[in-house]
Amino acid sequence: MVKSVFGNDRVLRVLALWYGLWQGGHFLFNLIGLADGGAGARALLAPGLEANAWKVMWASWAADLLFASPAGMLFAWRRLRGRKATAWGLASTAVSLTTAGLVYHVQWVYAGRLLLDGVAARAVLASWAVCPVLFVLLVIEALNKDM
């Protein structure tokens, strides 16, 4: 079904490339965040939130750093080399959807709104928008009988 709709897997390959680059940048952002004690990430994603809220954000951060980003980069690399790697993509995007949901849930609970005041915060959310699209397409691919 995915191939018949998008033709020769082209759209999934482009999304995989974008996702791999995005997860690579995300991985670097998280490593830098470890080096600065989370100050940069806190300023971007949770400005003004109390310490209890930030503790929840660390769980999201750890899941991304330890699994979603490496698995996403592996998925993209394998996909671009001609292998489907659907399971890697599904696992990575599922964790990415979960951790992003956690971040925005914490913002809503502790700040009463999404903290999208700055251009950078909106750009982060916009750049992430590929994740749910890719997840849905990978679910369709996984359910496809031609797999």
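That block above? That's the structure.
Quantities reported herein were computed from a predicted structural model and do not represent experimental measurements.

**Student:** Explain the overall build of the protein to me, and be specific about the residues and the numbers.
**Tutor:** Summing up its helical and strand segments, the protein has 7 helices and 0 strands in all. The secondary structure elements of the protein, listed N-terminal to C-terminal, are α-α-α-α-α-α-α. Its C-alpha atoms give the protein a radius of gyration of 16 Å, near enough to 15 Å, the size a compact globule of 147 residues would have. Restricting the contact set of the protein to residue pairs at least 6 apart, pairs at least 24 apart contribute 76%. With the model as given, the accessible surface of the protein reaches about 7,900 Å², and the carbon-plus-sulfur share is 69%. Positive and negative charge centroids in the protein, built from 13 and 7 side chains respectively, lie 9 Å apart.

**Student:** Can you tell me about helix α2 (residues 10–35), naming the residues and giving the values?
**Tutor:** An α-helical segment advances 3.6 residues per turn. Residues three or four places apart therefore align on the same side. Counted at 1.5 Å a residue, the expected span for α2 with its 26 residues is 38 Å, and the 38 Å between its end C-alpha atoms agrees. Every buried residue belonging to α2 is among Leu12, Leu15, Ala16, Tyr19, Gly20, Trp22, Gln23, Gly24, His26, Asn30 and Gly33, and all of these are buried. Just beyond α2, the residue with positive phi is Gly37, at close to 70°.

**Student:** Can you tell me about the side chain of His26, naming the residues and giving the values?
**Tutor:** Inspection of the secondary structure puts His26 in helix α2. Among all residues touching His26, those that are not within four sequence positions of it are Asp64 and Ser69.

**Student:** Describe the packing of aromatic side chains, listing the residues and the values that go with them.
**Tutor:** Inspection of every chain in the model, using the stated rule, returns 3 aromatic pairs. A ring pair is formed by Tyr19 and Trp22, whose centres lie 6.2 Å apart and whose planes are at 20°; its orientation type is stacked. One end of the pair, Tyr19, and the other, Trp22, are both in helix α2, 3 residues apart, so they sit about a helical turn from each other. For the pair Tyr19 and Trp22, a shared accessibility class is recorded, and that class is buried. Centroid distance Tyr19 to Phe75: 6.4 Å. Interplanar angle 65°. Geometry classified as edge-to-face. Of this pair, Tyr19 sits in helix α2 while Phe75 sits in helix α4 (residues 51–80), and the two are 56 residues apart along the sequence. Relative accessible area serves as the criterion here: at 0%, Phe75 is assigned to the buried category. A connected cluster of aromatic rings, assembled from ring pairs, spans Tyr19, Trp22 and Phe75.

Calculation criteria
Residues numbered from 1 in each chain as written. Predicted model: local features only at pLDDT ≥ 70, side-chain atom pairs only at ≥ 80, totals over all residues. Heavy atoms only, no water. Helix = DSSP H or I, 4+ residues; strand = E, 2+ residues; numbered from the N terminus. Rg over C-alpha atoms; globule rule 2.2 N^0.38 Å. Contact = heavy atoms within 4.5 Å. Areas by Shrake-Rupley, 256 points an atom, 1.4 Å probe, with all protein chains shown as cover. Lys, Arg positive; Asp, Glu negative; His and termini not counted. Charge placed at Lys NZ, Arg CZ, Asp CG, Glu CD. Expected span 1.5 Å × (residues − 1). Buried < 20%, exposed > 50% of the residue type's maximum accessible area, 1.4 Å probe, protein only. Phe/Tyr/Trp six-rings, centres within 6.5 Å; stacked < 30°, edge-to-face > 60°.

Bear in mind that shape data such as this cannot, by itself, settle questions of function.
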